[in-house]
Amino acid sequence: MPKTISFKRMVEKNGVSFVAIVEGTEGYYDDAGDWVSPSVLTPESRFGVILPLSEDDLKYDIGGTYSTQDRKLYTLESLKKGQKIQYKGVEYTVQTFKDYTDYTDVFIYVARWAEQ
């Protein structure tokens, strides 16, 4: 097993607050027995490092072509693909998860700028 690289201190020292839009936890089964997901979306304050994408990130990647408005996010808490986040009044959608959890103690995501 490879040795884990700790980015936790870097996130705690250099991180910023952002808002994660989280689904409520109360779902239910309808009369037909189908699961109905929670419809209540709640903003939660989160903490992480949000960076512009590097030149290498901006090249074509598995997730598609990225723009200069997209961001890379390092956080200590997991997010879901498709989840909305807001930073400095701008909305982003969590697009991809770079799974380096065998090597590091943070979650690394690419967040796509949600054009207004």
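What counts, and at which threshold
- Residues numbered from 1 in each chain as written.
- Predicted model: local features only at pLDDT ≥ 70, side-chain atom pairs only at ≥ 80, totals over all residues.
- Heavy atoms only, no water.
- Pairing = 2+ DSSP bridges.
- Helix = DSSP H or I, 4+ residues; strand = E, 2+ residues; numbered from the N terminus.
- Salt bridge = Lys/Arg side-chain N within 4 Å of Asp/Glu carboxyl O.
- Buried < 20%, exposed > 50% of the residue type's maximum accessible area, 1.4 Å probe, protein only.
- Contact = heavy atoms within 4.5 Å.

Our focus in this paragraph is the pairing of strand S7 (residues 90–98). Pairing geometry for strand S6 (residues 84–87) and S7, over 4 bridges, is antiparallel. Its bridge partner being in S7, glutamine 86 is matched across the sheet by glutamate 91. A loop of 2 residues connects S6 with S7, the two strands running antiparallel in sequence, and lysine 88 in this loop sits at a positive phi of about 55°. In this sheet, strand S8 (residues 107–113) lies alongside S7 in antiparallel orientation, the contact comprising 6 bridges. Across the sheet, the residue bridging to tyrosine 92 is tryptophan 113, located in S8.

Time to look at the pattern of salt bridges. This model, assessed by the stated rule, comprises 4 salt bridges. For glutamate 12, the salt bridge goes to lysine 8, with nearest N and O atoms at 4.0 Å. Of this pair, glutamate 12 and lysine 8 both sit in helix H1 (residues 8–14), 4 residues apart, roughly one helical turn. We classify lysine 8 as partly exposed; its relative accessible area is 40%. Salt-bridge contacts for glutamate 44 lead to arginine 46; the nearest nitrogen and oxygen are separated by 3.1 Å. For glutamate 44, a relative accessible area of 33% gives the class partly exposed. Among the charged side chains, a salt-bridge network with shared partners connects Glu44, Arg46 and Glu77.

For the rest of this paragraph, the subject is the environment of valine 106. Here valine 106 is to be found in the loop between S7 and S8. Measuring from C-alpha to C-alpha, the distance between valine 106 and valine 11 comes to 8.4 Å, with 95 residues separating the pair along the chain. The contact partners of valine 106, leaving out residues within four places of it in the chain, are Phe7, Lys8, Val11, Tyr74, Thr75 and Leu76.

For strand S5 (residues 71–75), the tally of buried residues reaches 4 of 5 residues, placing the bulk of the element in the interior. Note: strand S4 (residues 41–52) against S5, 5 bridges, orientation antiparallel. Across the sheet, residue proline 52 finds its bridge partner in S5, namely arginine 71. Where S5 meets S8, 5 bridges bridge the pair, whose relative direction is antiparallel. For threonine 75, the partnering residue across the bridge sits in S8 and is phenylalanine 107.

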